[in-house]
Amino acid sequence: DRSRVPATLVLCSMLDARGGITERMRARVQPQMAAEIFALCVDDKWDGASEPAPKAPALRGLLKLAASLLTRNFAEATGTKESMRVMDERTLQWLIQQDSLQVRDEAQVFEAVLNWAETDNPSRAPKLTLQGVFRAVRFGFMSPEAISKAFWRLSCIVGVTNIDPSVQSIMAAAQHEQ
């Protein structure tokens with residue numbers, strides 16, 4: 001239940017101060033809650049490029065747990081509108097750049113980025129550029145079918161004439177390479 005997350009965070013931070021979150025508690029945290037827990041625990045001053053820093057030392061274990069859930073259970077953790085709504089751009093960028101990210105294929109990463117943009121289209125759609133959130137997407141690892149589907153979906157979100165020309169070029173090149 002998402003309404004209990006802030007109270008759970010307080011409890012977990014108290015437990016961390018007394019020796020850590022128990023394995024039983026860790027097992028109860030669902031991947032779908034990872035983005036929200038991460039957002040509540042990460043330092044507001046975190047730059048998104050370095051290792052995530054907690055708001056308070058007592059939240060370090062919980063932040064680490066949330067980061068682990070995000071990378072190990074990417075599809076589940078990013079599969080709901082709510083989880084994508086609470087995820088900011090720096091967290092999304094950090095997440096999709098992780099070597100430990102466990103995904104079925106690169107198309108899954110691209111889909112997650114598009115899902116993220118759709119949760120707040122007016123403010124997030126302009127960030128769908130190579131300088132923005134697409135910077136870490138490895139288009140060369142996507143199949144031609146996945147690229148075609150992604151291009152169509154991207155055009156629905158931002159409009160065909162508004163797709164970043166660099167993204168168009170890379171998607172076209174990746175499609176021709178395969």
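What comes next is a walk through the structure. Here the structure is a predicted model, which is why all the values come from computation and not from measurement.

Some details on the packing of helix H3 (residues 34-41) against helix H4 (residues 60-72)
Any two packed helices are characterised by the angle at which their axes cross and by the distance between the axes.
Here comes step 1: Here H3 crosses H4 at 145°, and the two axes come no closer than 8 Å. The crossing of H3 and H4 is left-handed. In this structure, H3 uses Ala34, Ala35, Ile37, Phe38 and Cys41 to contact H4, whose residues at the interface are Leu62, Leu63, Ala66, Ala67, Leu69 and Leu70.

Focus: H4
Here comes step 1: With 13 residues, H4 ought to run about 18 Å at 1.5 Å a step, and its terminal C-alpha atoms sit 18 Å apart, in line with that.
Here comes step 2: Among all positions of H4, only Gly61, Leu62, Leu63, Leu65, Ala66, Ala67, Leu69, Leu70 and Thr71 are buried.

Some remarks on the environment of Asp120
Here comes step 1: Locating Asp120 in the fold gives a position in the loop between helix H8 (106-118) and helix H9 (121-124).
Here comes step 2: A residue is classified by how much of its surface remains accessible, and Asp120, at 34% relative accessible area, is partly exposed.
Here comes step 3: Among the polar contacts made by the side chain of Asp120, one reaches the side chain of Ser123 at a distance of 2.6 Å.

Points about the environment of Val29
Here comes step 1: Relative to the helices and strands, Val29 is located in the loop between helix H2 (23-28) and H3.
Here comes step 2: Spatially, the C-alpha atoms of Val29 and Leu62 are 9.8 Å apart, while their sequence positions differ by 33 residues.
Here comes step 3: The residues touching Val29, leaving out its near neighbours within four places in the chain, are Ile37, Leu65 and Leu69.

Here we look at the pattern of salt bridges
Here comes step 1: Scanning all chains against the criterion turns up 8 salt bridges.
Here comes step 2: Here Asp105 and Arg104 are joined by a salt bridge, their closest N and O atoms 3.7 Å apart.
Here comes step 3: Among the salt bridges present, the one from Arg138 reaches Glu106, with a minimum N-O distance of 2.8 Å. Here Glu106 lies in helix H8 and Arg138 lies in the loop between H9 and helix H10 (144-158), a separation of 32 residues in the sequence.

Calculation notes
- Residues numbered from 1 in each chain as written.
- Predicted model: local features only at pLDDT ≥ 70, side-chain atom pairs only at ≥ 80, totals over all residues.
- Heavy atoms only, no water.
- Axes fitted to C-alpha atoms, helices over the stretch in contact; angles between N-to-C directions.
- Helix = DSSP H or I, 4+ residues; strand = E, 2+ residues; numbered from the N terminus.
- Left-handed = near helix turned anticlockwise from the far one by under 90°.
- Contact = heavy atoms within 4.5 Å.
- Expected span 1.5 Å × (residues − 1).
- Buried < 20%, exposed > 50% of the residue type's maximum accessible area, 1.4 Å probe, protein only.
- Polar contact = N/O pair within 3.5 Å; in protein donor to acceptor, adjacent residues only side chain to side chain.
- Salt bridge = Lys/Arg side-chain N within 4 Å of Asp/Glu carboxyl O.

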